[in-house]
Amino acid sequence: MSKEPVAVVGIGQSRHVAARRDVSLAGLVREAALRALQDAELTWADIDAVVIGKAPDFFEGVMMPELYLADALGAVGKPMLRVHTAGSVGGSTALVAANLVAARVHGTVLTLAFEKQSESNAMWGLSLPIPFQQPLLAGAGGFFAPHIRAYMRRSGAPETIGALVAYKDRRNALKNPYAHLHEHDITLDKVMASPMLWDPVRYSETCPSSDGACAMILTDRAGAARAPRPPAWMLGGAMRSEPTLFAGKDFVSPQAGQDCAADVYRQAGITDPRREIDGAEIYVPFSWYEPMWLENLGFAGEGEGWKLTEAGVTELDGDLPVNMSGGVLSTNPIGASGMIRFAEAALQVRGQAGEHQVDGARRVLGHAYGGGSQFFSMWLVGDRPPDS
């Protein structure tokens, strides 16, 4: 029996800021869920199951929060699943929900991811003490900076590429009312003059710490037929993982990322992603990861990704727009960041992205990664069902 086509009929985001002191965790997730229900013109009674995800619980210090969030998400008496794959969890959570619909286990599923970073300190939470790692770094930036340096040596990319990415994404964020950072006075010179945090990553080339949530409502073909507006259709989706460390691991272009993208393209019938995909929301927490992931995802050859960035190909009006919403560089509630990439891809093919809409977007990629470049989740969504 063939899989049930999966449609995105509702999308909702909370207000993303540094600290949402006006709401609890329950209030934060409910805000996004209610907006997704409103978009789909559905009620809690229409939801068959809930799939929720977030990054490590120690980021807020609340263990297994899904147990007490069930009430806020209309999940009392309904199946509720928790997903966790580090920073890629937002994407993985959406894929688990999509698979429940594709397998005809449930007809309509609410999926949601969140983080309330203001209630903890993720940077020091990611700086593990001896004996778990050597005291050579602070936060995720300290872990990834050497990999960026390796990419620069391998590709010969000039040091200005990171600043170009950050300047682009922060300008895109000005067109997205949900983005955390709205830097109206942003200039390329200001990015390049910002303090160096982890060489070569500057302050303006790194992601913020955000509170926020993102929700989507996924449904089957029958549910899509009842939707008030055209849905986004999942054309392909996959997850892959690999160890944090192993002999021969390529930190610049992990094999798991390449395999994940290849599987998604195979499912969607994509043979030339550079030409057949109209845009991409890629998980870029540090600006240099745009060219690195462009190569890992097959949009550019090895050592060629930075040339796309430098040539303006990834600009909002470029040939392959990347992070039209402002991306993780502008909004980063870690657990939700991957789902925001998936949701923003869906908004594009639904024609609902507002000022950051790509004209004629028919197929858009959503991408997330997590851990030590070890967990990957991706989907490709389109404006038509996969069998049309």
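See the structure above.
Residues numbered from 1 in each chain as written. Predicted model: local features only at pLDDT ≥ 70, side-chain atom pairs only at ≥ 80, totals over all residues. Heavy atoms only, no water.

Peer 1: What's the story with the state of the cysteines in this structure? I'm lost.
Peer 2: One way to say it: the disulfide is the covalent bond shared by the sulfur atoms of two cysteines. Here the structure, examined in full by the defined rule, presents 0 disulfides. C214 supplies the cysteine sulfur nearest to C207, a cysteine that is in no disulfide, at a spacing of 17 Å. The class of C214 is buried, set by a relative accessible area of 0%. (Disulfide = S-S within 2.5 Å. Buried < 20%, exposed > 50% of the residue type's maximum accessible area, 1.4 Å probe, protein only.)

Peer 1: Sorry if this is basic, but what is going on with the pairing of strand β2 (residues 49–54) here?
Peer 2: Note on strand geometry: in a regular strand, side chains alternate between the two faces of the sheet. Counted residue by residue, β2 has 6 buried out of 6 residues, so it is predominantly covered. The side-chain alternation of β2 yields two buried faces, one formed by A49, V51 and G53 and the other by V50, I52 and K54. One ladder, built from 6 bridges, connects β2 with strand β4 (residues 108–116); its direction is parallel. Note on β4: the bridge partner recorded for G53 is A113. Here β2 runs beside strand β3 (residues 80–83); their pairing, made up of 4 bridges, is parallel. (Helix = DSSP H or I, 4+ residues; strand = E, 2+ residues; numbered from the N terminus. Pairing = 2+ DSSP bridges.)

Peer 1: How do you make sense of the sheet that holds β4 when you look at a structure like this?
Peer 2: Within a sheet, neighbouring strands are paired by backbone hydrogen bonds and run either parallel or antiparallel to one another. Pairing in this open sheet of 9 strands is mixed, and the strands run β3-β2-β4-β7-β1-β8-β11-β10-β9 from one edge to the other. Two strands in the sheet have a free side with no partner beyond their single neighbour: β3 and β9 (279–281). Here the average twist between neighbouring strands, direction ignored, is 25°. Contacts from helix α13 (residues 334–350) reach β1 (7–13), β2, β4, β7 (211–219), β8 (232–241), β9, β10 (363–370) and β11 (375–382), with the element oriented near 175° to β10. (Axes fitted to C-alpha atoms, helices over the stretch in contact; angles between N-to-C directions. Contact = heavy atoms within 4.5 Å.)

Peer 1: Looking at this model, I keep getting lost on the packing of aromatic side chains. Mind explaining?
Peer 2: The description of two aromatic rings rests on the distance between their centres and on the angle between their planes. Going through the model one piece at a time under the given rule, you end up with 15 aromatic pairs. Where Y289 meets W293, the ring centres are 5.1 Å apart and the plane angle is 50°; that geometry is what we call tilted. A residue pair is termed a helical-turn pair when its members lie 3 or 4 positions apart in one helix, as Y289 and W293 do in helix α11 (residues 289–296) at 4 residues. Ring geometry for F342 and W379: centres 4.9 Å apart, planes at 25°, overall stacked. (Phe/Tyr/Trp six-rings, centres within 6.5 Å; stacked < 30°, edge-to-face > 60°.)

Peer 1: Even after reading the chapter, I still don't get α11, so can you show me in this structure?
Peer 2: An α-helical turn contains 3.6 residues, so a residue and the one three or four places further along point in the same direction. Along α11, 8 of the 8 residues are buried, which leaves the element largely enclosed by surrounding structure. The set of residues buried in α11 consists of Y289, E290, P291, M292, W293, L294, E295 and N296. Next to the buried residues of α11 lie α5 (139–155), α6 (161–173), α9 (255–268), α12 (305–310), β10 and β11. Looking one or two places after α11, you find G298, whose phi comes out positive at around 85°.

Peer 1: I tried to follow the pattern of salt bridges on my own but got confused; where do I start?
Peer 2: A pair can form between side chains of opposite charge whenever their charged atoms are brought close. Enumeration according to the criterion identifies 31 salt bridges in this entry. When the shortest N-O distance is used, the salt bridge between K190 and D185 registers 2.8 Å. Residue class for K190 comes out partly exposed when judged on its relative accessible area of 42%. The closest approach of N and O atoms between R274 and D319, which form a salt bridge, is 2.5 Å. Separated by 45 residues along the polypeptide, R274 in helix α10 (residues 273–276) and D319 in the loop between α12 and α13 bring together distant segments of the chain. For D319, a relative accessible area of 47% translates into the label partly exposed. Salt bridges linked by common partners bring K54, D57, E60, E66, R82 and E115 together as one network. (Salt bridge = Lys/Arg side-chain N within 4 Å of Asp/Glu carboxyl O.)

Peer 1: How should the pairing of β8 be read in this particular structure?
Peer 2: The buried fraction of β8 is high, at 7 of 10 residues. As defined by bridge partners, β1 adjoins β8 across 2 bridges and the pair is classed as antiparallel. Bridge assignment links A7 to a residue of β8, and that residue is W233. Both β8 and β11 contribute to a ladder of 8 bridges, which runs antiparallel. The residue of β11 that forms the bridge with R240 is F376.

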